[in-house]
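# Observations on the model geometry
Below are the chains, spelled out letter by letter.
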Amino acid sequence: MANAKRDGAAPEEVRDLRRAIEWMKKEGDIIITDKEVEPNLEITGIQKRLDGGCPILFNNVKGKPQHRCITNLFGDMNVINKMFGWKDHADRTRKLAYAITHPIAPIVVDQKDAPVQEEVYEKPAEANDYVVPIRHTNIEPELTVGSGNRLISGEYFNGGTDLGYNRMNFRWGNVGTFQISPGSHMWQVVSKYYKDNKMVPITMNFGLPPAGSLLAGAGFDYVILPQGCDEVGMAGAVQGAPMRLVKARTIDAYALADAEVVLEGYVNPRDRRFETAESEKAGIQGRFHFHPEWAGYMGKAYKAPTFHVTAVTTRKREGKPIIFPLGVHTLDDHNIDTTIREAAMFELCERMQPGIIMDVNIPYCMTDWGGAIIQVKKRNRIEEGWQRNFMAAILATSQGSRLVIAVSEDSDPYDMDDIIWNLTTRVNPKTDIINPLPGGRGQTFMPAERMTAGEKEWTASNTSFEGGMGIDATVPFGYESDFMRPVYPVDKVELSKWFSEKDIQNAKSRMQGWVHSLARTGR
């Protein structure tokens, strides 16, 4: 159970980012440097060089003497599994699916008891003074803020709570562009209030408790996480204790009491401005490079709604509040974007027909929202075909999904070599490739989709979706003997009987790729 006693960190050790960092120090799962780092290119350059490695804490940020930065926080999911007591990736997916359906309601604390409101600055002239804008690549013309997590609550989210990411560029001091992915929860909210020209009060939270960052990555799975759901409560179930909220100082909204920094303010749906000076000068959306995207391509600059900052609240600045810059298209970003998504897909399939779905994995190369691999076990002949229902449902309900692959229980959904072997040996191209109807709604962050706009502006209103693809690479029920894989007796040999530890490590250090999976399973 998600809120049962666990073997990982105690709930009090992960209720805020600072205590989580202390826990990672104790576990030896974080590296720390006091050398000065430049937010312009260096942070993301270091992160990419160590992509998939352990978390990194920068204590000395150039131009930001009152801040620290952490990155790669979710780069190694084994650290997160250990933190929350999940024994492996499959266990994580199942327990997160449970957390989604069994949230622990947040509690509201007094403003004097909220660490994030130790200092309050109303009507700040420059929002960037309180956070750490970064630039990922030389191609980007300007620095951006992509690490804040919005919190929508109350009537603006049908009585629930929503956490999510929105990139911002504060080109006008305390007013910045606020990019919203079409179809997202925030898009739904802004669309609702656009007609009435009503501004939406939100808080942008920086340096969240790890469970909050995880839920902020939930996106485009709104059959399972609809408007009105309690994402803050789900984060509480993940960490095993209620998340703490606090009433904002200047707006009718709530913030995460244990965050490091909060920007309070309003999103203005109708005040739309260009994200960069370059695109504004040309007066063209969707053509000029800006901010990498989850699909692994450079993003484009658009006209976006604006976020108007009314106040900044923060932990004592002498204590150097911690910002999580979050480089895009890294394992850090990928793991945040996919972990809840995997659990939501698992829950979707389990609701359709219980007991068949075994696991869901979205590997790095499937780019966050681009696809998924599902593992199923057919228990009888009547269950043959449910894997295709699952794939069709995922492609239909998970906006942006372009490829879903189904494999059987004898396959390793975490090894892409094994997946390619399945596609090569188990797929009949005439009968096992499923093409749902085109013309639906995808996501404009894929260049192939943007190109459908032709010479028009490459915006969501001008693009079309060519449809996703499902590939059934499962063993047909009743033919298991014909598709039986050889299993070598790896469990019956103890290598130390023949070789020294040094010899074993020498040999294992040369093993690359698929052989790791095969050696573990004996296949």
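Computed from a predicted model, the values in this text were never measured in an experiment. (Residues numbered from 1 in each chain as written. Predicted model: local features only at pLDDT ≥ 70, side-chain atom pairs only at ≥ 80, totals over all residues. Heavy atoms only, no water.)

In this structure, the second largest pocket encloses a volume near 400 Å³. Taken together, 20 residues form the lining of the second largest pocket, with H89, L331, N335, N361 and Y414 sitting closest to its centre. The set of elements that each furnish at least two residues to the lining of the second largest pocket consists of helix 3 (77–84), helix 4 (89–101) and helix 9 (331–352). Considering every element that reaches the lining of the second largest pocket, the biggest residue donor is helix 9, with six residues. A breakdown of the residues in the lining of the second largest pocket according to their chemical character gives seven nonpolar, nine polar and four charged. (1 Å grid on protein atoms, 1.4 Å probe; cavity = no way out; pocket = protein on both sides within 12 Å on 5 of 7 lines; lining within 4 Å. Points joined across faces, edges and corners; volume = space filled by probe spheres on them. Helix = DSSP H or I, 4+ residues; strand = E, 2+ residues; numbered from the N terminus. Nonpolar A, V, L, I, M, F, W, Y, C, P; charged D, E, K, R; others polar.)

Here the focus is the sheet that holds strand 15 (residues 322–323). Pairing in this open sheet of four strands is mixed, and the strands run 1-2-3-15 from one edge to the other. Unpaired on one side and paired on the other, strand 1 (31–33) and strand 15 mark the two borders of the sheet. The pairing of strand 1 with strand 2 (residues 56–58) spans three bridges and is classified as parallel. From the neighbouring strand, I32 faces strand 2, where its bridge partner is L57. (Pairing = 2+ DSSP bridges.)

Let us now look at unusual backbone geometry. One non-glycine residue with positive phi stands out, namely H291, at about 55 degrees. Relative to the elements of secondary structure, H291 occurs in the loop between helix 8 (277–282) and strand 14 (303–314). At T367, a residue that is not glycine, the phi angle is positive and equals roughly 55 degrees. Residue placement: T367 occurs in the loop between strand 16 (357–361) and strand 17 (371–376).

So, about the pairing of strand 10 (residues 200–206). With respect to burial, strand 10 is a largely interior element, seven of its seven residues being buried. One ladder, built from three bridges, connects strand 6 (residues 149–153) with strand 10; its direction is antiparallel. Looking at the pairing, N149 lines up with N205 of strand 10. Judged from the seven bridges that link them, strand 10 and strand 13 (residues 261–274) form a sheet pairing that is antiparallel. (Buried < 20%, exposed > 50% of the residue type's maximum accessible area, 1.4 Å probe, protein only.)

Right, let's get into the confidence of the model for the protein. For the protein, the mean per-residue pLDDT works out to 94, and 97% of the residues sit at or above 70. pLDDT under 50 marks residues 1–5. Its contacts with residues more than four places away, or in other chains, come to eight contacts. (pLDDT = per-residue confidence, 0-100. Contact = heavy atoms within 4.5 Å.)

Let us now look at the side chain of R317. By the secondary structure assignment, R317 is in the loop between strand 14 and strand 15. Those residues in contact with R317 that sit more than four places away from it in its chain are Q66, H67, E119, Y121, D129 and Y130.

Turning our attention to empty space enclosed by the protein. Inspection of every chain in the model, using the stated rule, returns two cavities of 30 Å³ or more. For the largest cavity, the calculated volume is near 460 Å³. Lining the largest cavity are 26 residues; nearest its centre among them are Y165, N166, R167, S181 and W369. Only strand 7 (161–165) and helix 9 provide two or more residues apiece to the lining of the largest cavity. Grouping the amino acids of the lining of the largest cavity by side-chain chemistry returns twelve nonpolar, nine polar and five charged. Considering only enclosed or pocket space, the second largest cavity measures out at about 40 Å³ in volume. If you go around the second largest cavity, the residues you meet are D221, Y222, V223, I224, A344, M345, L348, T397 and S398. Among the elements that line the lining of the second largest cavity, the one with the most residues is helix 9, at three residues.

With that out of the way, let us pick up the packing of aromatic side chains. Applying the stated criterion to the full structure yields nine aromatic pairs. Ring geometry for F84 versus W86: centroids 5.1 Å apart, planes at 40 degrees, classification tilted. The buried category is assigned to W86, whose relative accessible area is 7%. With a centroid separation of 5.8 Å and 40 degrees between ring planes, the pair formed by F178 and F307 is classed as tilted. Of this pair, F178 sits in strand 9 (residues 175–178) while F307 is found in strand 14, placing the two residues 129 residues apart along the sequence. Taking the relative accessible area as the measure of exposure, F178 reaches 0% and is therefore buried. Linked through ring pairs, F220, Y222, W294 and W369 together constitute an aromatic cluster. Residue placement shows R317 over the ring face of Y121; its charged tip is 5.9 Å from the ring centre. Over the ring of W421 we find R485, and its NZ or CZ is 4.1 Å from the ring centre. (Phe/Tyr/Trp six-rings, centres within 6.5 Å; stacked < 30°, edge-to-face > 60°. Lys NZ or Arg CZ within 6 Å of the ring centre and 35° of its normal.)

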